[in-house]
Amino acid sequence: MTTTVSARTEDRARSRAQRRVLTVLTAAQVLSGAGLAGGVTVGALLARDMLGSTGLAGLLGALSTAGAASAAVAIGRISQAVGRRPGLAAGYAAGALGSAGVVAAAVTGSAVLLLVAMFVYGAGTATNLLARYAGADLAAPGHRARAVSTVLVATTLGGVAGPVLAAPGGDLAHALGIPRLSGLFVLSGSAYAAAALVLAAWLRPDPLLLARTLETERAASGAPGASGARVRRAAAGRRSHVRAGALVMMVAQLVMVAIMTMTPVHMHDRGHGAAASGLVIAVHIGAMYLPAPLSGWLVDRYGGLRVATASALTLLAAGVLAAHAPGASTAAFAAALTLLGLGWSLGLVSGTALLTDAVPAATRARTQGVADVFVAVAAATGGLASGLVVATAGYPVLAAGGGLLALAVVPAVTVAARSR
């Protein structure tokens, strides 16, 4: 009886803390979504103008995601040692610094500074994704995917507004006497800095540290589920689920980044202006994050493995549609990138749930950080290869090839399903 009362008291405390954590994360993610938009919307165009090559247009995206990989390691280690709050705040602060560096590079015309700054800017992207794990730290296992989706959907407001501000950002840059394409990075830097301040001031209690404490207390008290079958399975095995979760996220990120990065360039070459490509990217980012509650519900209801398969099929459909989109049709590109965003959402939420369910709180941040390194490396590969593929074979080949690549997750999902 005493154990039951204690468990109920713990559950109420966890629930209160979880509501606060999700509220603070939501505020920070709205801001960070706007910060993320700068590199997505005008990064490739700025690179092409400064580097003088379409083939190198994807280099900025590749460097940004390489920076995200390095940041994921650092943030994972900081979070593992001292909690989510200092790790996430430091990541967003680095993203703000990178944004300022991009503006300085555009003003001075320094290609070297631009490349370095975009590497640092990638820390903001890494933090934006790593924040989803903080939302899951205190969530009950049956609601973990929905907690992840809550954090992801919070990015929507800033993420959708950011690209739409491409033209006004250019006007702001003109008024400040700096290159027009750098204007959106002024806004991105401000947004990332504000997100860092929100987390540093209000992400209390720290969700990872509290989850670790509660798990330890349950183990010491002998409460049901304290270090029982689920934790032992996670520590000793379920490696196929960890691998499947990481692979699903890697493939979804690679395919999404490759197609998304070169779509504005392809549209520009077909006569579309910055407003049209900005609108398409805004719709795409909305499709990445707005369906997150649906993705979370599907994962909690049907399991991560089934939703991962649905992600692969959706990404395939997106690639095929983008490859056959008429060059003059903004609507066709918007539809293709809507599917691309939805496929990414399904893949990220299902992969996150598979990975998080397989590891205990004691080692969670480190494992998640390592997984996101591979996700960032995959995205860097997609960003770098995208420009080269478009320059040599064309955008339709890139889009269709990316869609077919998404099917690579199916064998891993099959193996994981058989291992349960």
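Everything discussed here concerns the structure shown above.
What counts and how
- Residues numbered from 1 in each chain as written.
- Predicted model: local features only at pLDDT ≥ 70, side-chain atom pairs only at ≥ 80, totals over all residues.
- Heavy atoms only, no water.
- Axes fitted to C-alpha atoms, helices over the stretch in contact; angles between N-to-C directions.
- Helix = DSSP H or I, 4+ residues; strand = E, 2+ residues; numbered from the N terminus.
- Parallel < 35°, antiparallel > 145°, perpendicular 65-115°, else oblique.
- Left-handed = near helix turned anticlockwise from the far one by under 90°.
- Contact = heavy atoms within 4.5 Å.
- Nonpolar A, V, L, I, M, F, W, Y, C, P; charged D, E, K, R; others polar.
- Buried < 20%, exposed > 50% of the residue type's maximum accessible area, 1.4 Å probe, protein only.
- Core = buried A, V, L, I, M, F, W, Y, C linked by side-chain atoms within 4.5 Å.
- Expected span 1.5 Å × (residues − 1).
- Bend = angle between axes of the 7 residues up to and from the residue.
- Phe/Tyr/Trp six-rings, centres within 6.5 Å; stacked < 30°, edge-to-face > 60°.
- Salt bridge = Lys/Arg side-chain N within 4 Å of Asp/Glu carboxyl O.

> How should I be thinking about the packing of helix α11 (residues 239-269) against helix α14 (residues 304-323) in this particular structure?
Each pair of packed helices gets described by two things: the angle between the helix axes and the distance between those axes. Relative orientation of the contacting elements α11 and α14 amounts to 20°, with a least axis distance of 11 Å. Taken as axis vectors, α11 and α14 run roughly parallel relative to one another. As for how α11 packs across α14, the hand of that crossing is left-handed. Contacts between α11 and α14 involve His241, Val248, Ala252, Val255 and Ile259 on the former and, on the latter, Leu305, Ala308, Leu315 and Gly319. Class assignment of the residues belonging to the contact of α11 with α14 gives a composition of seven nonpolar, two polar and no charged.

> How do you make sense of the environment of Ala47 when you look at a structure like this?
Checked against the element boundaries, Ala47 lands in helix α1 (residues 2-51). The class of Ala47 is buried, set by a relative accessible area of 0%. Sequence separation between Ala47 and Ala106 is 59 residues, and the spatial gap between their C-alpha atoms is 9.8 Å.

> Hey, could you run me through the nonpolar core in this one?
Looking at soluble globular proteins, one finds that nonpolar side chains tend to be buried together. By size, the foremost hydrophobic cluster in this structure holds 110 residues, and its most contacted members are Leu88, Leu199, Leu340 and Tyr395. With 14 residues, α11 is the largest single contributor of residues to this core. Once you skip the residues sitting within four places of it in the chain, Leu199 turns out to touch Val24, Leu25, Ala28, Arg85, Leu88, Ala89 and Tyr92.

> What's the story with α11 in this structure? I'm lost.
Each α-helix winds once per 3.6 residues, and so residues spaced three or four apart point in a common direction. Over its 31 residues, α11 extends 45 Å from the first C-alpha to the last, a length consistent with the 45 Å expected when each residue adds 1.5 Å. Of all the bends found along α11, the most pronounced is centred on Thr263 and spans about 30°, while Pro264, a proline, follows it within four residues. Of all 31 residues making up α11, 24 are buried, and the element is well covered by its neighbours. Downstream of α11 by one or two residues, Gly271 has phi in the positive range, about 95°.

> What is the right way to look at the packing of aromatic side chains in this model?
Two measures describe an aromatic ring pair: the distance that separates the ring centres and the angle between the ring planes. Scanning the entire structure with this criterion turns up six aromatic pairs. With a centroid separation of 5.8 Å and 20° between ring planes, the pair formed by Tyr92 and Tyr192 is classed as stacked. In this pair, Tyr92 is assigned in helix α3 (residues 84-108) and Tyr192 in helix α8 (residues 183-202), connecting sequence segments 100 residues apart. On the basis of an interplanar angle of 65° and a centroid distance of 5.5 Å, the ring pair of Tyr121 and Phe185 is categorised as edge-to-face. Of this pair, Tyr121 sits in helix α4 (residues 111-136) while Phe185 sits in helix α8, placing them 64 residues apart in sequence. Here Tyr121 matches Phe185 in class, with each residue buried. What links up through ring pairs into an aromatic cluster is the set Tyr92, Tyr121, Phe185 and Tyr192.

> Could you clarify how one ought to interpret helix α12 (residues 274-289) in this entry?
When the terminal C-alpha atoms of α12 are compared, their 22 Å separation across 16 residues agrees well with the 22 Å that a helix rising 1.5 Å per residue should span. Among the 16 residues in α12, 12 count as buried, and that is most of the element. Those residues of α12 not exposed but buried are Ala276, Ser277, Gly278, Val280, Ile281, Ala282, His284, Ile285, Gly286, Ala287, Met288 and Tyr289.

> What am I meant to see in the pattern of salt bridges here?
For side chains of opposite charge, pairing can occur when their charged atoms come near one another. Tallied over the entire structure, the rule returns five salt bridges. Residue Arg132 is joined to Asp372 by a salt bridge in which the shortest nitrogen-to-oxygen separation is 3.1 Å. One end of the pair, Arg132, is in helix α4; the other, Asp372, is in helix α16 (residues 361-392), and 240 residues separate them in sequence. Exposure remark for Asp372: the relative accessible area of 6% places this residue in the buried category. In this structure, Asp357 engages Arg144 in a salt bridge whose closest nitrogen and oxygen atoms are separated by 2.9 Å. With a gap of 213 residues between them, Asp357 in helix α15 (residues 330-357) and Arg144 in helix α5 (residues 144-154) connect regions that are remote in the sequence. Arg144 sits in the buried class, given a relative accessible area of 5%. What you see here is one network of salt bridges that share partners, running through Arg84, Asp137 and Arg364.

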